[in-house]
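A closer look at the structure
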Amino acid sequence: MEKIMEVKNISFSYEKDSPEIFENITFNIEKGDVLCILGPNGIGKTTLIKCLNGLHEINNGKILLNKKNIKTLSFKEISKMIGYIPQGHIPSFPFSVFDVVLMGRTPYINLSAAPKEKDLTITENALKNIGIYHLKDKPYTNLSGGERQLVFLARVLAQEPDLLILDEPTSHLDFGNQIKLLEILENLSKLGLAIVMSSHFPDHAFISCNKVAIMKNKKFIDFGTPEDVITEENLKKAYGINVKLINFEDRKVCIPLKTNLNLNLENFKKI
Ligand SMILES: Nc1ncnc2c1ncn2[C@@H]1O[C@H](COP(=O)(O)OP(=O)(O)OP(=O)(O)O)[C@@H](O)[C@H]1O
(Lines give C-alpha, C1' and ligand atoms only; values in the text may rest on other atoms or scores of the structure.)
Protein backbone atom coordinates (compact mmCIF):
# COMPACT_ATOMS: atom_id res chain seq x y z
CA MET A 1 0.00 0.00 0.00
CA GLU A 2 1.07 3.59 -0.68
CA LYS A 3 2.65 5.19 2.40
CA ILE A 4 1.29 8.67 3.15
CA MET A 5 3.22 9.23 6.37
CA GLU A 6 6.27 7.49 7.81
CA VAL A 7 7.09 8.29 11.42
CA LYS A 8 10.53 7.10 12.43
CA ASN A 9 11.77 7.07 16.01
CA ILE A 10 10.44 10.48 16.95
CA SER A 11 10.83 12.16 20.34
CA PHE A 12 9.61 15.50 21.61
CA SER A 13 9.98 17.77 24.66
CA TYR A 14 8.56 21.27 25.13
CA GLU A 15 11.83 22.71 26.44
CA LYS A 16 15.36 21.71 25.48
CA ASP A 17 16.15 20.25 28.89
CA SER A 18 12.67 19.22 30.03
CA PRO A 19 11.58 15.57 30.10
CA GLU A 20 10.35 14.16 26.82
CA ILE A 21 6.57 13.89 26.34
CA PHE A 22 7.19 10.85 24.14
CA GLU A 23 10.22 9.04 22.77
CA ASN A 24 11.10 6.70 19.91
CA ILE A 25 7.64 6.46 18.39
CA THR A 26 7.56 4.71 15.01
CA PHE A 27 4.61 3.91 12.74
CA ASN A 28 3.33 4.29 9.16
CA ILE A 29 0.08 5.60 7.76
CA GLU A 30 -0.99 4.20 4.42
CA LYS A 31 -3.63 5.35 1.96
CA GLY A 32 -7.07 4.48 3.37
CA ASP A 33 -5.82 3.86 6.93
CA VAL A 34 -7.79 5.22 9.86
CA LEU A 35 -5.58 5.33 12.95
CA CYS A 36 -7.08 6.06 16.35
CA ILE A 37 -4.70 7.26 19.08
CA LEU A 38 -6.00 6.41 22.55
CA GLY A 39 -4.52 7.22 25.93
CA PRO A 40 -5.33 8.92 29.22
CA ASN A 41 -5.57 12.69 29.75
CA GLY A 42 -2.30 14.57 29.48
CA ILE A 43 -0.33 11.65 28.02
CA GLY A 44 0.70 13.50 24.84
CA LYS A 45 -1.87 12.75 22.12
CA THR A 46 -2.33 16.41 21.11
CA THR A 47 1.41 17.00 21.32
CA LEU A 48 2.08 14.06 19.00
CA ILE A 49 -0.64 15.22 16.60
CA LYS A 50 0.93 18.69 16.45
CA CYS A 51 4.31 17.11 15.66
CA LEU A 52 2.72 15.07 12.87
CA ASN A 53 1.51 18.16 11.06
CA GLY A 54 4.67 20.15 11.57
CA LEU A 55 3.38 22.56 14.26
CA HIS A 56 5.95 21.31 16.78
CA GLU A 57 9.51 20.50 15.81
CA ILE A 58 10.59 17.04 16.96
CA ASN A 59 13.82 16.56 18.94
CA ASN A 60 14.87 13.35 17.22
CA GLY A 61 13.74 11.10 14.41
CA LYS A 62 12.05 11.83 11.13
CA ILE A 63 8.54 12.36 9.73
CA LEU A 64 8.09 11.76 6.02
CA LEU A 65 4.95 13.07 4.36
CA ASN A 66 4.49 11.59 0.89
CA LYS A 67 8.19 10.63 1.07
CA LYS A 68 9.34 14.19 1.86
CA ASN A 69 10.78 15.20 5.22
CA ILE A 70 8.12 17.42 6.81
CA LYS A 71 10.90 19.74 8.05
CA THR A 72 11.68 20.74 4.48
CA LEU A 73 8.06 21.55 3.54
CA SER A 74 6.44 24.98 3.69
CA PHE A 75 3.18 25.54 5.55
CA LYS A 76 1.39 25.85 2.19
CA GLU A 77 2.85 22.55 0.94
CA ILE A 78 1.84 20.78 4.16
CA SER A 79 -1.66 22.29 3.91
CA LYS A 80 -2.17 20.72 0.49
CA MET A 81 -1.40 17.29 1.97
CA ILE A 82 -2.74 17.50 5.53
CA GLY A 83 -6.12 18.74 6.72
CA TYR A 84 -5.96 19.37 10.47
CA ILE A 85 -8.77 19.96 12.92
CA PRO A 86 -7.44 21.02 16.32
CA GLN A 87 -9.23 20.55 19.61
CA GLY A 88 -11.61 23.37 20.58
CA HIS A 89 -11.12 26.00 17.86
CA ILE A 90 -12.55 29.33 18.97
CA PRO A 91 -14.13 31.51 16.27
CA SER A 92 -13.05 35.13 16.21
CA PHE A 93 -14.81 36.74 13.21
CA PRO A 94 -18.42 36.23 12.10
CA PHE A 95 -17.52 34.83 8.66
CA SER A 96 -20.31 32.92 6.96
CA VAL A 97 -20.09 29.14 7.10
CA PHE A 98 -19.56 29.14 3.31
CA ASP A 99 -16.56 31.47 3.64
CA VAL A 100 -15.06 29.41 6.47
CA VAL A 101 -15.22 26.29 4.30
CA LEU A 102 -13.92 28.24 1.28
CA MET A 103 -10.86 29.12 3.41
CA GLY A 104 -9.93 25.44 3.07
CA ARG A 105 -9.01 26.34 -0.53
CA THR A 106 -6.41 28.91 0.63
CA PRO A 107 -3.38 26.72 -0.21
CA TYR A 108 -4.59 26.64 -3.84
CA ILE A 109 -5.48 30.34 -4.24
CA ASN A 110 -2.85 33.04 -4.91
CA LEU A 111 -2.79 35.78 -2.31
CA SER A 112 -4.01 38.47 -4.72
CA ALA A 113 -6.46 36.29 -6.69
CA ALA A 114 -10.16 35.65 -6.13
CA PRO A 115 -11.39 32.05 -5.70
CA LYS A 116 -12.14 30.32 -9.00
CA GLU A 117 -15.38 28.57 -9.99
CA LYS A 118 -13.67 25.26 -9.12
CA ASP A 119 -12.98 26.47 -5.56
CA LEU A 120 -16.62 27.50 -5.10
CA THR A 121 -17.87 24.15 -6.42
CA ILE A 122 -15.51 22.18 -4.16
CA THR A 123 -16.71 24.28 -1.19
CA GLU A 124 -20.36 23.64 -2.04
CA ASN A 125 -19.72 19.91 -2.42
CA ALA A 126 -17.87 19.72 0.91
CA LEU A 127 -20.85 21.36 2.66
CA LYS A 128 -23.26 18.96 0.94
CA ASN A 129 -21.16 15.87 1.67
CA ILE A 130 -21.08 16.65 5.39
CA GLY A 131 -24.80 17.45 5.37
CA ILE A 132 -24.52 21.09 6.48
CA TYR A 133 -25.34 22.95 3.26
CA HIS A 134 -28.35 24.52 5.01
CA LEU A 135 -25.96 26.35 7.35
CA LYS A 136 -23.98 27.98 4.54
CA ASP A 137 -25.15 31.58 5.09
CA LYS A 138 -25.08 31.51 8.90
CA PRO A 139 -22.34 33.40 10.74
CA TYR A 140 -19.83 30.85 12.00
CA THR A 141 -19.78 32.58 15.41
CA ASN A 142 -23.49 31.75 15.92
CA LEU A 143 -23.05 27.98 15.58
CA SER A 144 -23.03 25.42 18.36
CA GLY A 145 -19.79 23.60 19.19
CA GLY A 146 -20.98 20.51 17.32
CA GLU A 147 -22.00 22.46 14.22
CA ARG A 148 -18.62 24.18 14.19
CA GLN A 149 -16.91 20.79 14.34
CA LEU A 150 -18.80 19.72 11.20
CA VAL A 151 -17.98 23.03 9.46
CA PHE A 152 -14.30 22.42 10.18
CA LEU A 153 -14.57 18.93 8.74
CA ALA A 154 -16.10 20.39 5.54
CA ARG A 155 -13.30 22.94 5.47
CA VAL A 156 -10.51 20.38 5.67
CA LEU A 157 -12.24 18.29 3.00
CA ALA A 158 -12.26 21.37 0.75
CA GLN A 159 -8.48 21.35 1.21
CA GLU A 160 -8.42 18.04 -0.73
CA PRO A 161 -5.68 16.57 1.50
CA ASP A 162 -4.18 13.07 1.44
CA LEU A 163 -4.25 12.87 5.23
CA LEU A 164 -6.75 14.16 7.78
CA ILE A 165 -5.48 14.73 11.32
CA LEU A 166 -8.30 15.18 13.82
CA ASP A 167 -7.82 15.92 17.51
CA GLU A 168 -10.82 14.43 19.35
CA PRO A 169 -13.20 15.01 16.42
CA THR A 170 -16.28 13.80 18.28
CA SER A 171 -15.74 15.86 21.42
CA HIS A 172 -18.52 18.41 20.80
CA LEU A 173 -20.88 16.17 18.90
CA ASP A 174 -24.16 14.78 20.19
CA PHE A 175 -24.73 11.03 20.39
CA GLY A 176 -26.14 10.84 16.85
CA ASN A 177 -23.60 13.10 15.19
CA GLN A 178 -20.74 11.12 16.78
CA ILE A 179 -21.66 7.95 14.95
CA LYS A 180 -22.46 9.87 11.76
CA LEU A 181 -19.03 11.51 11.85
CA LEU A 182 -17.34 8.13 12.38
CA GLU A 183 -19.24 6.78 9.39
CA ILE A 184 -18.24 9.80 7.30
CA LEU A 185 -14.60 9.09 8.21
CA GLU A 186 -14.99 5.41 7.34
CA ASN A 187 -16.45 6.33 3.93
CA LEU A 188 -13.72 8.89 3.26
CA SER A 189 -11.08 6.27 4.03
CA LYS A 190 -12.69 3.95 1.49
CA LEU A 191 -12.08 6.70 -1.09
CA GLY A 192 -8.37 6.54 -0.19
CA LEU A 193 -8.07 9.33 2.37
CA ALA A 194 -5.77 8.47 5.29
CA ILE A 195 -6.94 9.60 8.73
CA VAL A 196 -5.28 9.99 12.13
CA MET A 197 -7.54 10.86 15.03
CA SER A 198 -7.24 10.97 18.78
CA SER A 199 -10.11 9.84 20.92
CA HIS A 200 -11.21 9.12 24.46
CA PHE A 201 -13.58 6.40 23.24
CA PRO A 202 -12.07 2.97 22.46
CA ASP A 203 -15.49 2.03 21.02
CA HIS A 204 -14.96 4.53 18.24
CA ALA A 205 -11.97 2.60 17.01
CA PHE A 206 -14.15 -0.50 16.55
CA ILE A 207 -16.58 1.57 14.48
CA SER A 208 -14.34 3.29 11.97
CA CYS A 209 -10.64 2.49 12.41
CA ASN A 210 -8.35 -0.20 11.06
CA LYS A 211 -5.41 0.73 13.30
CA VAL A 212 -5.17 1.72 16.94
CA ALA A 213 -2.31 3.01 19.08
CA ILE A 214 -2.43 3.19 22.85
CA MET A 215 -0.17 5.89 24.28
CA LYS A 216 1.22 5.51 27.80
CA ASN A 217 4.56 6.03 29.52
CA LYS A 218 5.97 8.14 26.64
CA LYS A 219 5.39 5.48 24.00
CA PHE A 220 2.85 3.36 22.19
CA ILE A 221 2.27 0.43 24.54
CA ASP A 222 0.48 -1.32 21.67
CA PHE A 223 -0.20 -0.67 17.98
CA GLY A 224 -2.21 -2.81 15.57
CA THR A 225 -5.77 -3.68 14.60
CA PRO A 226 -8.62 -2.74 16.97
CA GLU A 227 -9.24 -6.48 17.55
CA ASP A 228 -5.67 -7.04 18.70
CA VAL A 229 -5.07 -3.81 20.60
CA ILE A 230 -8.34 -3.00 22.34
CA THR A 231 -8.31 -5.69 24.98
CA GLU A 232 -9.51 -5.63 28.57
CA GLU A 233 -5.87 -5.93 29.65
CA ASN A 234 -4.66 -2.98 27.54
CA LEU A 235 -7.58 -0.78 28.62
CA LYS A 236 -6.74 -1.52 32.24
CA LYS A 237 -3.09 -0.60 31.56
CA ALA A 238 -4.10 2.62 29.80
CA TYR A 239 -6.86 3.94 32.02
CA GLY A 240 -6.39 2.04 35.30
CA ILE A 241 -9.97 0.75 35.36
CA ASN A 242 -11.62 -2.57 34.63
CA VAL A 243 -13.43 -2.75 31.30
CA LYS A 244 -15.64 -5.50 29.92
CA LEU A 245 -15.56 -6.10 26.18
CA ILE A 246 -18.73 -7.58 24.76
CA ASN A 247 -19.70 -8.63 21.25
CA PHE A 248 -22.66 -6.84 19.76
CA GLU A 249 -23.72 -7.79 16.23
CA ASP A 250 -20.62 -7.28 14.05
CA ARG A 251 -18.56 -5.24 16.49
CA LYS A 252 -17.21 -5.10 20.02
CA VAL A 253 -18.36 -2.65 22.65
CA CYS A 254 -16.40 -1.50 25.71
CA ILE A 255 -18.20 -1.22 29.04
CA PRO A 256 -16.23 0.59 31.76
CA LEU A 257 -16.95 -0.99 35.15
CA LYS A 258 -17.62 1.15 38.19
CA THR A 259 -14.52 1.78 40.26
CA ASN A 260 -16.32 2.02 43.64
CA LEU A 261 -14.35 5.11 44.58
CA ASN A 262 -14.23 5.44 48.33
CA LEU A 263 -14.52 9.22 48.72
CA ASN A 264 -14.74 10.93 52.07
CA LEU A 265 -17.40 13.62 51.56
CA GLU A 266 -17.84 14.50 55.24
CA ASN A 267 -16.93 18.15 54.62
CA PHE A 268 -19.58 18.51 51.94
CA LYS A 269 -22.25 17.38 54.39
CA LYS A 270 -21.31 20.20 56.77
CA ILE A 271 -21.69 22.97 54.19
N1 LIG B 1 2.67 24.34 25.39
C2 LIG B 1 3.01 23.50 26.35
N3 LIG B 1 4.12 23.70 27.09
C4 LIG B 1 4.52 22.82 28.04
N5 LIG B 1 3.86 21.68 28.32
C6 LIG B 1 2.76 21.42 27.61
C7 LIG B 1 2.27 22.29 26.58
N8 LIG B 1 1.16 21.75 26.05
C9 LIG B 1 0.95 20.60 26.69
N10 LIG B 1 1.91 20.39 27.64
C11 LIG B 1 2.01 19.22 28.53
O12 LIG B 1 2.30 18.08 27.74
C13 LIG B 1 1.64 16.92 28.26
C14 LIG B 1 0.81 16.28 27.17
O15 LIG B 1 -0.27 17.16 26.84
P16 LIG B 1 -1.25 16.84 25.64
O17 LIG B 1 -2.19 17.99 25.51
O18 LIG B 1 -0.45 16.46 24.46
O19 LIG B 1 -2.00 15.55 26.22
P20 LIG B 1 -3.29 14.80 25.67
O21 LIG B 1 -3.00 13.34 25.73
O22 LIG B 1 -3.71 15.35 24.37
O23 LIG B 1 -4.35 15.20 26.81
P24 LIG B 1 -5.96 15.26 26.81
O25 LIG B 1 -6.46 13.86 26.55
O26 LIG B 1 -6.28 15.70 28.21
O27 LIG B 1 -6.39 16.25 25.76
C28 LIG B 1 0.83 17.41 29.47
O29 LIG B 1 1.56 17.14 30.63
C30 LIG B 1 0.72 18.92 29.25
O31 LIG B 1 0.62 19.60 30.47
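See the structure printed just above.
The paragraphs below set out a description of the structure included in this document. (Residues numbered from 1 in each chain as written. Predicted model: local features only at pLDDT ≥ 70, side-chain atom pairs only at ≥ 80, totals over all residues. Heavy atoms only, no water.)

Observations concerning the overall build of the protein chain
Rules: Secondary structure follows DSSP: runs of H or I at least 4 residues long count as helices, runs of E at least 2 residues long count as strands, and numbering of each begins at the N terminus. Computation of the radius of gyration draws on C-alpha atoms, with the globule rule given as 2.2 Å multiplied by the number of residues to the power 0.38. Exposure categories follow from relative accessible area, calculated using a 1.4 Å probe and restricted to protein chains: below 20% of the type maximum is buried, above 50% is exposed, and the middle band is partly exposed. Contact criterion: two residues are considered in contact whenever any of their non-hydrogen atoms come within 4.5 Å of each other. A 1.4 Å probe and the Shrake-Rupley method give the accessible areas. Residues count as covered only by the protein chains that appear here. Positive residues here are Lys and Arg, negative ones are Asp and Glu, while His and the chain termini are left out of the count. Every charge is mapped onto a representative atom, which is NZ of Lys, CZ of Arg, CG of Asp or CD of Glu.
Scanning the protein chain from N- to C-terminus turns up ten helices and twelve strands. The globule rule puts the C-alpha radius of gyration for 271 residues at 18 Å, and the 20 Å found for the protein chain is close to it. Dimensions of the protein chain along its principal axes, counting C-alpha atoms only, are 65 × 45 × 45 Å. Out of the 271 residues in the protein chain, the part that is buried amounts to 46%. Taking the intrachain contacts of the protein chain between residues at least 6 apart in sequence as the baseline, contacts between residues at least 24 apart amount to 65%. When the accessible surface of the protein chain is summed, it comes to about 14700 Å², and 52% of that surface belongs to carbon and sulfur atoms. Within the protein chain, the 32 negative side-chain charges are centred at a point lying 3 Å from the centre of the 34 positive side-chain charges.

Structural notes on the site of the ligand
Rules: Each residue is tested against the molecule or strand, and it is near if at least one of its non-hydrogen atoms lies within 4 Å. Whenever two N or O atoms come within 3.5 Å, that pair is a polar contact, provided that in protein one can donate a hydrogen and the other can accept it, and provided that, for residues adjacent in sequence, both atoms are side-chain atoms.
Near the ligand lie 13 residues; those nearest to it are N41, G42, K45, T46 and T47. G42 is positioned such that a nitrogen or oxygen atom in its backbone is 2.8 Å from an oxygen atom of the ligand. Q87 is positioned such that a nitrogen or oxygen atom in its side chain is 3.5 Å from an oxygen atom of the ligand. Considered on its own, the ligand offers 640 Å² of accessible surface; in the complex 57% of this is hidden by protein.

What to know about the pattern of salt bridges
Which entries qualify depends on this criterion: Salt bridge criterion: a side-chain nitrogen from Lys or Arg within 4 Å of a carboxyl oxygen from Asp or Glu.
On inspection of all chains with the given rule, the structure shows nine salt bridges. A salt bridge links K128 to E124; the nearest nitrogen and oxygen atoms lie 3.5 Å apart. Of this pair, K128 and E124 both sit in helix α4 (residues 117-130), four residues apart, which is roughly one turn of the helix. Residue E124 is classed as partly exposed on the basis of its relative accessible area of 28%. Taken together, the shared-partner salt bridges connect E6, K8 and K67 into one network.

Considerations on a nonpolar patch on the surface
We apply this condition: Patch definition: residues with relative accessible area over 30% and no salt bridge; like charges joined within 9 Å; nonpolar side chains (Val, Leu, Ile, Met, Phe, Trp, Tyr) joined within 5 Å.
On the surface, L261, L263, L265 and F268 cluster together to form a nonpolar patch covering roughly 470 Å² of accessible area. With relative accessibility at 43%, the residue L265 sits in the partly exposed group.

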